[in-house]
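Per-entry structural report
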Amino acid sequence: MSDPHQHWIDLRSDTVTQPCAAMRAAMAAAPVGDDVYADDPTVNRLQDFAAELFGYEAGLFAPSGTQTNLIALLAHCGRGDEYLVGQEAHTYKYEGGGAAVLGSIQPQPIANQPDGSIALADIAAYIKPDDMHFARTRLLALENTIGGRVLPRDYLQAATALAHERGLATHLDGARVCNAAVKDGTSLREAVAGFDTVSVCLSKGLGAPVGSVLLGPKAFIEQGKRWRKMLGGGMRQAGVIAAAAHHALEHNVERLADDHRNAADLAAGLAGIDGLRVTAPQTNIFYVEIPGAACAPLREHLARQGIRASIGPHTRLVTHLDVGSADVQKVIAAFKDFFKDWRA
Ligand SMILES: *Cc1c(COP(=O)(O)O)cnc(C)c1O
């Protein structure tokens, strides 16, 4: 179905980006070695660079964010331990229940507030007393951004302080934490302050083809390396992809502001269309409520115009480095064109 030479405007996710020429050149030129022996200079350089950038002792490169999150959960929690997590969180909802399935770690899911946070009172209330009836509550895991929303800095400060006071460790699923930092105008170090460990995706808005890094204390990362090996994430000449990840971290953080502006422009354009309800984007992800009966014909209409989107009653639209401002105008025009003729 797909013609590889056609330029699709793809709004399904920020994972769909193509590596640019400079990124491919960096991959081609990367010196490599066997990373299971810690011999790959490009992987080592990426891990050190990321650790320094976010203010941690050490870093661990892995094939996916699902894996870096799972490694973190396995290293923080043992069998019969528990972690506190949002109902909407990726680690709980979208990672196949890996912590429970593979780690015998009990998740304690907690309702997310409308702004994406977990209420401090809920965190406090769900921490179990030291009693043989209960799983041992070990970890608070938060996600930022979550559904495109940026958690407030003072909330993150308070939530991580509360967790630490109660003897819990803190982990951030920072798949899109760079979007949060750019939106807030803070440094990456400030954006992850308070978290013992963080997982950062390099293959989302940052535009690398593959890979995530887990950051934390040296001893934790050493433990993480064992889990990574067990999970099959010990890669050999991984410098080829680490070079792309390094390029992404070095060149593609500041430009996330363009994605945020494009999302705002797209949302504003769609909000003007009768029958659509559009949430105001904070970063590069927002949602549109679309009448159910319009979904299938709209999806086909957009596809004919070279636009891919996960159209449904609750549609998520995502901008990224392969969606330009002209593309945004084209998408708005295509939606307008469809809805001028559409009647329920
Ligand atoms: C994408 C994503 C991950 C990890 O996804 P992978 O596809 O496994 O790299 C983790 N958390 C969040 C919030 C994500 O969006």
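The structure we're discussing is the one just above.
The structure presented is a predicted model; accordingly, all values stated were derived computationally and were not measured.

Relative to the helices and strands, Ser117 resides in the loop between β4 (106-110) and α6 (120-126). Taking relative accessible area as the criterion, Ser117 reaches 7% and is therefore assigned buried. Residues contacting Ser117, with those up to four places away along its chain left out, are Ala111, Asn112, Leu151 and Tyr155.

Relative to the helices and strands, Thr279 is located in the loop between β9 (277-278) and β10 (285-289). Residue class for Thr279 comes out partly exposed when judged on its relative accessible area of 34%. Taking the C-alpha atoms as reference points, Thr279 and Pro41, 238 residues apart in sequence, are found 44 Å from one another.

Helical geometry note: an α-helix holds 3.6 residues per turn, so side chains three or four residues apart project in the same direction. Its 14 residues place the ends of helix α2 (residues 41-54) 20 Å apart at the C-alpha level, agreeing with the 20 Å of an ideal helix rising 1.5 Å per residue. If you check the start of α2, you find a side-chain oxygen 2.9 Å away from the backbone N of Thr42, and it comes from Asp40. With its phi angle positive at about 80 degrees, Gly55 sits one or two positions after the end of α2.

Right, let's talk about the environment of Asp196 for a bit. Turning to its location among the elements, Asp196 is positioned in the loop between α9 (188-191) and β7 (197-201). Measuring from C-alpha to C-alpha, the distance between Asp196 and Phe220 comes to 9.5 Å, with 24 residues separating the pair along the chain. Leaving out residues up to four positions away in the same chain, Asp196 has contacts with Tyr56, His76, His164, Ala169, Thr170, Leu215, Gly216 and Pro217. One polar contact links Asp196 to His164, side chain to side chain, over a distance of 3.1 Å. A distance of 2.8 Å separates the side chain of Asp196 from the backbone nitrogen of Thr170, its partner in a polar contact.

About the criteria used
Residues numbered from 1 in each chain as written. Predicted model: local features only at pLDDT ≥ 70, side-chain atom pairs only at ≥ 80, totals over all residues. Heavy atoms only, no water. Helix = DSSP H or I, 4+ residues; strand = E, 2+ residues; numbered from the N terminus. Buried < 20%, exposed > 50% of the residue type's maximum accessible area, 1.4 Å probe, protein only. Contact = heavy atoms within 4.5 Å. Expected span 1.5 Å × (residues − 1). Polar contact = N/O pair within 3.5 Å; in protein donor to acceptor, adjacent residues only side chain to side chain.

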